[in-house]
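# Per-entry structural report
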Amino acid sequence: MKKILVPIDFSKTSEYAAKMAARIAKDTKATVYLLHLIELPKGVVDMGTGSRFSIPESMLYLRKVREKVLSFKNDFFDTTIDVKYFIKLNNPFEGIQKYADKIDTDIIIMGSKGHSEFEEIIIGSNTEKVVRSSHRPVLVVKKDEKKCKLKKIVFASNFKKENTEVFQKFIDFASIFNSSIHLVKINTPSNFESTRSKTKNKRIYCRF
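The structure presented is a predicted model; accordingly, all values stated were derived computationally and were not measured. (Residues numbered from 1 in each chain as written. Predicted model: local features only at pLDDT ≥ 70, side-chain atom pairs only at ≥ 80, totals over all residues. Heavy atoms only, no water.)

### Things to note about the overall build of the protein chain
Stated formally: The secondary structure listing takes helices from DSSP runs of H or I that are at least 4 residues long and strands from runs of E that are at least 2 residues long, numbered from the N terminus. Here, two residues are considered to be in contact whenever any of their heavy atoms come within 4.5 Å of each other.
Of regular secondary structure, the protein chain possesses six helices and eight strands. Secondary structure elements of the protein chain occur, N-terminal to C-terminal, as β-α-β-α-β-α-β-α-β-β-α-β-α-β. Restricting to contacts in the protein chain with at least 6 residues of sequence separation, those with at least 24 account for 75%.

Now the structure itself:
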């Protein structure tokens, strides 16, 4: 694991994501990329022309955002961790996906809620979109890292050959925390396999 992407919105849950990223980065020597996305109102293309924003106001706002990102970086990462930060104009879902591809990140670590009840809907929705559509591992953090020991991790799969590479990455991640792994396959009426037939030559529980 060399690169960790952490989208931040300065909410409590993005703080939790940062703490988790710091812990993983210390163990893996990975570089952390903090990404703050600014979503402009629809119809605002040029801040200096034909909009309610002036260039001085825009520059002041961006400077304040940069100061806040730097403060966030200093609060949650010590000098032993390589941290880079970026501020981009884009909506959260598209921006996260685009930047993850740009830096070729190994994992995306996200919080699941925003500042307010309204933002919980917006941020939570974008987190779900990223989880469902990303072809990269996504870790969603909902509570303080100090209370999240990752002692037990569930891997849900159909256990077909095409998931072998994904499972290996999962094992690598679990080994960082010395976690116990539980393997789960969900049966459906139209696609049912008995536990005995599925585990005939497989272990259903692994400890590292």
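Don't stop here, the text continues.
### Re the sheet that holds strand β2 (residues 31-38)
Under the convention used in this document: Two strands pair if DSSP finds at least two bridges between them. What counts as an axis is a line fitted to C-alpha atoms, over the stretch in contact for a helix, and the angles between N-to-C directions run from 0 to 180 degrees.
If you trace the five strands from one edge of the open sheet to the other, you get β3-β2-β1-β4-β5, paired in parallel fashion. Both edges of this open sheet fall to β3 (83-89) and β5 (138-141), since each of them pairs with a single strand only. Each neighbouring strand pair of the sheet contributes to a mean axis angle of 25°, computed without reference to strand direction. Looking at chain direction, strand β4 (residues 107-111) and β5 are connected through four bridges and run parallel. Each residue of the ladder has a partner; that of I109, found in β5, is L139. The strands touched by helix α3 (residues 92-103) are β1 (3-7), β2, β3 and β4; relative to β2, the strand with the most contacts, the crossing angle is about 150°.

### Quick look at helix α5 (residues 164-177)
Worth spelling out the cut-off: Residue count minus one, scaled by 1.5 Å, sets the expected span of a helix.
Between its terminal C-alpha atoms α5 stretches 21 Å, which fits the 20 Å expected from 14 residues at 1.5 Å a residue. In this structure, the buried side of α5 is in contact with α1 (12-28), β4, β5, β6 (152-156) and β7 (180-184).

### Description of the pairing of β7
Applicable threshold: Viewed with both strands pointing away, a crossover whose connecting path from the first strand over the helix to the second turns clockwise is right-handed.
Pairing geometry for β6 and β7, over five bridges, is parallel. Along β7, the bridge assignment pairs F155 with L183. In this fold, the crossover linking β6 to β7 by way of α5 has right-handed handedness.

Function-wise, these values are silent; they only describe arrangement.
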